[in-house]
Amino acid sequence: MATKLLSLTCIRKERFSERYPLVRKHLTRSRDGGGGSSSETAAFEIDDPISRAVFQVLGMTCSACAGSVEKAIKRLPGIHDAVIDALNNRAQILFYPNSVDVETIRETIEDAGFEASLIENEANERSRQVCRIRINGMTCTSCSSTIERVLQSVNGVQRAHVALAIEEAEIHYDPRLLSYDRLLEEIENAGFEAVLISTGEDVSKIDLKIDGELTDESMKVIERSLEALPGVQSVEISHGTDKISVLYKPDVTGPRNFIQVIESTVFGHSGHIKATIFSEGGVGRESQKQGEIKQYYKSFLWSLVFTVPVFLTAMVFMYIPGIKDLLMFKVINMLTVGEIIRCVLATPVQFVIGWRFYTGSYKALRRGSANMDVLIALGTNAAYFYSLYTVLRAATSPDFKGVDFFETSAMLISFIILGKYLEVMAKGKTSQAIAKLMNLAPDTAILLSLDKEGNVTGEEEIDGRLIQKNDVIKIVPGAKVASDGYVIWGQSHVNESMITGEARPVAKRKGDTVIGGTLNENGVLHVKVTRVGSESALAQIVRLVESAQLAKAPVQKLADRISKFFVPLVIFLSFSTWLAWFLAGKLHWYPESWIPSSMDSFELALQFGISVMVIACPCALGLATPTAVMVGTGVGASQGVLIKGGQALERAHKVNCIVFDKTGTLTMGKPVVVKTKLLKNMVLREFYELVAATEVNSEHPLAKAIVEYAKKFRDDEENPAWPEACDFVSITGKGVKATVKGREIMVGNKNLMNDHKVIIPDDAEELLADSEDMAQTGILVSINSELIGVLSVSDPLKPSAREAISILKSMNIKSIMVTGDNWGTANSIAREVGIDSVIAEAKPEQKAEKVKELQAAGHVVAMVGDGINDSPALVAADVGMAIGAGTDIAIEAADIVLMKSNLEDVITAIDLSRKTFSRIRLTYVWALGYNLMGIPIAAGVLFPGTRFRLPPWIAGAAMAASSVSVVCCSLLLKNYKRPKKLDHLEIREIQVERV
C-alpha cells in the first residue's frame, strides 16, 4: 500500500507499540469530516541514544500510586521521561542505556512498593531474532514447561514459547549472545530431539540440488559466487549430497539467479551441470507426524504379537481343559509352563517395545521433573518385577504359591501405545488447517518474457518456487494464481474463498491486486509479482496461524500449575493405596473372603497401587486447551477470520461492548462526491481544478474522492497533471490549505473556516445541515478567504450493517460508533444502523481514550477498525479487530484480523471464540472429573461394598482413552457452523450487490 508521509513523529510510536512492538511500522491517519485533512504518522527506528522499556506494574490503585512510581523513576540518572498508566498497569520509560539499565529501573519500581516485570525493551529489538524449533519426545505439559524453563534460563533468550499440541517452540533471542545451535543443544541436553525449522522471518531459504560432475574446487567456486550476490545472507554446502542451502532476501534476489550463477560458473570448468530445487519427499511437520504415526502403529502391532498370547495363557486357556493341564505342568519345583511362556513373551514388551517409557522417565528425572512416562514405567515395572520375583521363587521353592502379573505389564504397555497412536492421529487432524493453506500454492507457473515496450515475446513453465519479485506471470482460466501481485493486462473473476473466506468470485482488471493461491475462473490475466516467499499473503497467514497455535491461552496456566505437582502426588497416592490395603490385610481389617482365590493380601494391595498409578492422566489436562485453540484458529482461518492465539480467543469470548469505526467499517469506505453547490459565479471546471490541486497532496479518503470526481472535468484524462500547490498545510481534524495559481485555497470543515475568519453564509449552513441529515459529509471550499462552494460526499452503508448490529444486540453486546466525522453525519449513520451511542470528531488518540473509559466502566471492549488509522484504539482495546485488511494484514495492531470487509465476520469471530471456550471448559471438566473419579475407584473405594475393582490393564486403557477423548472433543470444533442468521445476511448482501 502506497503511503505518503506528511509528518514524522516518535511520540505516537510509544502509544501504538505498547502491546505490539512492530505496530510502529504502520502508518496512522486521522479521518475527520473535513475535506481532506490527514494527520498521518509513520514511526521508524531512529538511531539515537534513547531506548524505551515497558513494564507491567501490579499494585497501583489510583493516580497517587502512579505519581509515586513516576517520581521514584525520575530520580534515577539517565531517565529521559516516564509515563505511568495506572489504568492498564503499565509504565513506559525513555532512558539512556549508558547511564541506567532496565534492571535498575525495575528494582526502583519494586522499592516503591509495587511488583514490576519487563514487557518490552526496545534496546533489544534491533538485536532480536526469532527461531522456531520442532521438538520430538514431549508427552505432557510437564515436558513443555520444563523446556520453557530450560530455554528461559539461557543467557540471551528473551522469550520462549513451547506448544505441546504442535510440538514446536518459538524462541526470541539475542544473536549477539548465542546462536540457534546453542538452543538446539540445550533442548537436546534436556532429553528431547530438536530440529530447526527457521531462524528468522526476514530471509527465505531454498535448497538446490546440483547434478553433474563436481570437484571440491568447483563447489568452493559455487559457494563464493553465490555469497557474492546481493541479498544472499549465507550459503551452506552439504558434502556428499550435492545440496546447497541458500538464505536470501526475496526482495533483492531469488532462486533463478542462483541457478543461473551455478550453471554459468561451472560450465566449461567441470563439464555441464544442472541445478534444480532440492526435494526430500515432503520433509516438514506433516511428514514427521506421519512418521510418528507409523512408528506407533508398528510398535502396537509388535506389542500385540507378544501380548495376545500372554493374555490368552493367563485369562482364557486356564479355563480350557487339556490346555490348562499343559500350562500348569511344573517344570522346576513350582515353576509352571504357563509362567515361563508369559515371562518370555512379556519381557520384550517390557524392555524393547516399552523402552521409550524408560528413556522418557530417565530424561524427566534427570532434569528434576516427573511426567507420564514416570507413572507408566513405575506401574509396569512394579507388575513385571513382582511377577519375575514369583517366577524365581517358584523355581527355587518346592512349596511357594504365587500369582504373576505379566499380562498386566504387557497389556498396560500395549493399551498405552494404542492410545498414543490414536492421540497422535487425532492431533494430526487438528493442524490440517495449516496443511491446507500450505498446499494452496501451485506447483508450477507460466513466466512471461517482455520486451522494452511491454509486449510478450515468449513464455516458459517454471517451478512455482522459482518465481521472483517483479516477474510477470500468466494465469490461465482454471489455474491458481502463483504469487501475490497486480494485474497489468486482462480481466477475469478470481475465487478468493480459500484465502479470505469470500464465497463470491471477485472481478479483476488492470491495476487490481491478486493473492497467491486463489483460483482464476474465466479469463486470462498477466500479473506482475510484488511479493514472494515469506512476504506473500499466504505465508503471512500460515505464519499467523502457526504463531496463534504457539501462543498459550491464559486458562492454560491452570493445567501448567497442576502439572507441576500432579505426578508426584499420584506416586504418593499410589504408594499410600498399596500401603493402606497391605496393612489392612495384615491386620485383618477386612475379611479374607474379599481376597480373590488366586491372590494374597500383598498382591491385592499391589494391584490397587498399580491401578492408581496408571489410571492418572496428566496428558488429558495438558491437551485440553492447546488442541481446542489449534482447531479453533484453524477453523477461523478457513472462514477468513485470523485469530492471534489463545489469549485473543479467551478475551473475545468475554466481549460485551464493541466500538466501531465508521469509514470503511460500517460504511463501504469508498466515498463519492454526490453534490456540488457554488455560491459565486465560477466555471465548475476551474473550481475543481483548484480544489483537486490542493487535495491531491492528501491521502485522506475524502480527498481522494474529490480528486477522482475532478477528473471528470479534464476530458477523461486518466492521470491529469494538476496545477502546482505551494505552501501546502494539513490541519489535523479540520482540512487542508495551499496556494494554487497565486490564490489561497482552503478545503475543510466549519472549524477550519472559523479559525481563518471565513464567513459562512446562511445558505451554506443550510446546505451543510441538509447533507448531514442525509448521512453525507459536507465540505466547504474558500478562495482568498471567501466561501465559494459546498461539496456533499457520501459513503454508503454496507448492506449488512444494520442486521449485524441487530444480531449483536441479541447477543447482549453493546455497540458504539467512534468516528472523526462531524456530529450530524455521525448521528445520521448511527440512526440508520441502530447504534445509540456515538462519539464524533474524534482523533485517533481520542478513540483510544474512549476505549479506556469503557474498560474502566467494567466493559470488555472490542475495537473494530481498518487496522491502520485506528491503531491506537486497536491496541488499547481488549480485543482489536482489523476489518477489511485483505492482503495488507495489520497483524501487529490487531488481535483478530478479518480478511473480508463483511461485518458478519465480527459476529463469527465472537461466536467462534465462545464455542471454542465452551469446548475448553467441557474438556477441562472431563479431564479433571476423570482423574478425580478414576483415582478413587482405582484405589478401591467401591471394593468393600460392591467387590468392584479396576485391574491395572483396564486402568491403563482408561488412561489412554481419556487423552484420545479430549483430542476428539476438540476435533468436533471442525464442524463449527456460523450462526444461521449470518447466512441470511450474506444472501441479502449478494442480492443488494446484484441490484
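This one's a predicted model, so the numbers in the text were calculated from it and none came from an experiment.

The rules we used
- Residues numbered from 1 in each chain as written.
- Predicted model: local features only at pLDDT ≥ 70, side-chain atom pairs only at ≥ 80, totals over all residues.
- Heavy atoms only, no water.
- Helix = DSSP H or I, 4+ residues; strand = E, 2+ residues; numbered from the N terminus.
- Buried < 20%, exposed > 50% of the residue type's maximum accessible area, 1.4 Å probe, protein only.
- Contact = heavy atoms within 4.5 Å.
- Areas by Shrake-Rupley, 256 points an atom, 1.4 Å probe, with all protein chains shown as cover.
- Core = buried A, V, L, I, M, F, W, Y, C linked by side-chain atoms within 4.5 Å.
- Pairing = 2+ DSSP bridges.
- Axes fitted to C-alpha atoms, helices over the stretch in contact; angles between N-to-C directions.
- Expected span 1.5 Å × (residues − 1).
- Polar contact = N/O pair within 3.5 Å; in protein donor to acceptor, adjacent residues only side chain to side chain.
- UniProt positions renumbered as here; feature names shortened; annotations may be inferred.

Visitor: Quick rundown of the overall build of the chain? Include the residues and the values.
Guide: A count of helical and extended segments in the chain gives 34 helices and 39 strands. Within the chain, the fraction of its 995 residues that count as buried is 55%. Counting contacts in the chain only where the partners sit at least 6 residues apart, residues at least 24 apart contribute 71% of the total. When the accessible surface of the chain is totalled, it reaches about 42600 Å², and 55% of it is carbon and sulfur.

Visitor: Describe the nonpolar core, with residues and values.
Guide: By size, the foremost hydrophobic cluster in this structure holds 135 residues, and its most contacted members are Ile658 and Met881. Broken down by element, this core gets its largest block of residues, 13 residues, from helix α31 (residues 904–939). Setting aside anything within four residues of it in sequence, one finds Met881 in contact with Ala862, Met863, Val864, Gly865, Leu874, Ala894, Ile896, Leu898, Val906, Ala909 and Ile910. By size, the runner-up hydrophobic cluster in this structure holds 36 residues, among which are Leu208, Phe258, Ala445 and Val532.

Visitor: Any details on the environment of Leu623? Residues and values, ideally.
Guide: Mapped onto the elements of the fold, Leu623 is located in helix α20 (residues 618–638). On the accessibility criterion, Leu623 (1% relative accessible area) is buried. Placed 482 residues apart in sequence, Leu623 and Thr141 show a C-alpha to C-alpha distance of 7.9 Å.

Visitor: Explain the sheet that holds strand β23 (residues 506–508) to me, and be specific about the residues and the numbers.
Guide: One open sheet accounts for three strands, arranged β23-β22-β25; its pairing is antiparallel. Here the strands that pair on one side only, and so sit at the sheet edges, are β23 and β25 (519–520).

Visitor: I'd like a rundown of the sheet that holds strand β30 (residues 725–731), residues and numbers included.
Guide: As summarised here, the arrangement of the six strands in space is β29-β34-β33-β32-β31-β30, forming an open sheet in which the pairing is antiparallel. Each edge of the open sheet carries a strand with a single partner, namely β29 (672–678) and β30. Averaged over all pairs of adjacent strands, the angle between strand axes in this sheet comes to 20°, irrespective of strand direction. The sheet contact formed by strand β31 (residues 735–740) and strand β32 (residues 743–748) spans six bridges and is antiparallel. Bridging from a neighbouring strand, Gly735 pairs with Gly748 of β32.

Visitor: Tell me what's going on with helix α19 (residues 601–615), and back it up with residues and numbers.
Guide: In a regular helix each residue adds 1.5 Å, so 15 residues correspond to 21 Å; α19 covers 21 Å between its end C-alpha atoms and thus fits that length. Sitting at the amino-terminal end of α19 is Asp600, which places a side-chain oxygen 3.2 Å from the backbone nitrogen of Phe602.

Visitor: An account of the UniProt feature "transmembrane region" (unreviewed entry) in the chain is needed here, citing residue identities and associated values.
Guide: The positions UniProt marks with the feature "transmembrane region" (unreviewed entry) are residues 299–320, 332–353, 374–392, 404–422, 565–584, 604–624, 924–944 and 950–973. End C-alpha atoms of residues 374–392 are separated by 26 Å, and the span's content is 100% helix alongside 0% strand. Secondary structure within residues 604–624 divides into 90% helix and 0% strand; the distance between the first and last C-alpha atoms comes to 34 Å.

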